[in-house]
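So the chains spell out like this:
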Amino acid sequence: MKKYILLAVLLAVVAGVVFWRSTGADTEITVVATGVVERGEVRRILEATGIVKAQVGAQVKIGARATGVLVNIPVKVGDEVAAGQLVAEIDDREIRAKLTEAEARYNLAKAKAERAAKDLVRKRQLVSQKLDSQSSLDEALENARVTRYEADAENASLNSLRIQLSYYRIFSPINGVVSNITAQEGETVVSGLQVSNLITVLDPTRLEMWIYVDETDVGRTQPGQEVEFFVDAYPDRTFKGLIKLVYPEPEIKDNIVYYRALVGVEYDREYPLRPEMTTQCRIVVEKRENVLTMPNEAIKWVAGKQAVYALKDGKPVRAEVELGLRGLERSEVVSGLSEGQKVATQLVLPGQKKGGKG
């Protein structure tokens, strides 16, 4: 009988050892990785989505106010142009013929007006000497006035045609890059109630960003706040800007209310941004500098309560830590830890399997 009892006890011990090994139970906390409490900056971040836009006046659609055949487009998409540079020409032979005719009419009217003015001087002399009647003087006075008005009218028509002639040579109003051309040489441009768009010029140095802030976060978004943003085209590059304005009028997308925040964007020749690029933004709503900080990985939840384990003599000890501002990666330490102290960022608590991380 004793033999069977001893065998049963031995089997129970073996089963216990096997169970302990299979579960990896331990009576001590095992630290896997640590971090350091150090002074630094903590920022509260608001994440949002944005889009790069051209500023007002930085993207100009150049149209034609004249009707005719395009005879010359000396630029192509991607070309840099300066303000005042020729970008298109329309056949102007017809308008030049009209201009020549108008110049001739003006010269004729001007000559008539000059002759009438001379006749008026002579008439006044004759009437003053009693050699001609007053009625002839009145007639000469009226003729001089009419011919002068006719010359003025022809001159106005001439100037009008000169202005119209300027429409046949089209110039860029801004410095920039040709981003679009909608016509080609040989096509006929018809000017009507709407100006025909021929060429679009974009100034890539004048950009801004629109951030769509959720209505729940707009109360924490203010002009002057720093913004960091990223684009897929340059995944390793961090761009920065400041909020200039938060628009009061909402925008509703997919039944969600957003408010647009306007951010100034500086031009970077090495990493040029382009209009309509989507951005991932971080708005810095609060920042504290030169404060004690600890990595967020050190904040654990044990039995439903927040816990931080500091290392003392190489062993983890639960510390009563008061935290302040919470950032994305680090949090402010108000009390409970000292500068340079190590804290556990990955650990295995008693009762957890080996390899499990708290």
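Up top is the structure these notes are about.
First, a word on scope: everything that follows refers to the structure included in this document. (Residues numbered from 1 in each chain as written. Predicted model: local features only at pLDDT ≥ 70, side-chain atom pairs only at ≥ 80, totals over all residues. Heavy atoms only, no water.)

1. A closer look at the sheet that holds strand β6 (residues 86-90)
Sheets are built from strands that pair by backbone hydrogen bonding, the pairs being arranged parallel or antiparallel.
Here is step 1: Ordered in space as β7-β6-β4-β9, the four strands form an open sheet in which the pairing is antiparallel. In this open sheet, the two edge strands, each paired with only one partner strand, are β7 (169-171) and β9 (188-189).
Here is step 2: Looking at chain direction, β6 and β7 are connected through three bridges and run antiparallel. Looking at β7, one finds that A88 is bridged to I170. (Pairing = 2+ DSSP bridges. Helix = DSSP H or I, 4+ residues; strand = E, 2+ residues; numbered from the N terminus.)

2. With respect to the nonpolar core
Here is step 1: Counting 27 residues, the largest nonpolar core has L70, V75, V87, I90, I170, L198 and I199 as its most contacted members.
Here is step 2: Of the residues forming this core, the biggest block, four residues, is contributed by helix α2 (residues 93-128).
Here is step 3: Those residues in contact with L198 that sit more than four places away from it in its chain are I62, G63, A64, L70, I170, N180, I181, T182, A183 and V189.
Here is step 4: Grouped together as the second largest cluster of nonpolar side chains are 24 residues, L207, V213, I243 and V285 included. (Core = buried A, V, L, I, M, F, W, Y, C linked by side-chain atoms within 4.5 Å. Buried < 20%, exposed > 50% of the residue type's maximum accessible area, 1.4 Å probe, protein only. Contact = heavy atoms within 4.5 Å.)

3. Re the side chain of T279
Here is step 1: Along the chain, T279 turns up in strand β15 (residues 278-295).
Here is step 2: Judged by relative accessible area, which is 0%, T279 ranks as buried.
Here is step 3: In this structure, T279 is in contact with A48, T49, G50, I51, V52, M209, F229, F230 and V231, ignoring residues within four places of it in sequence.

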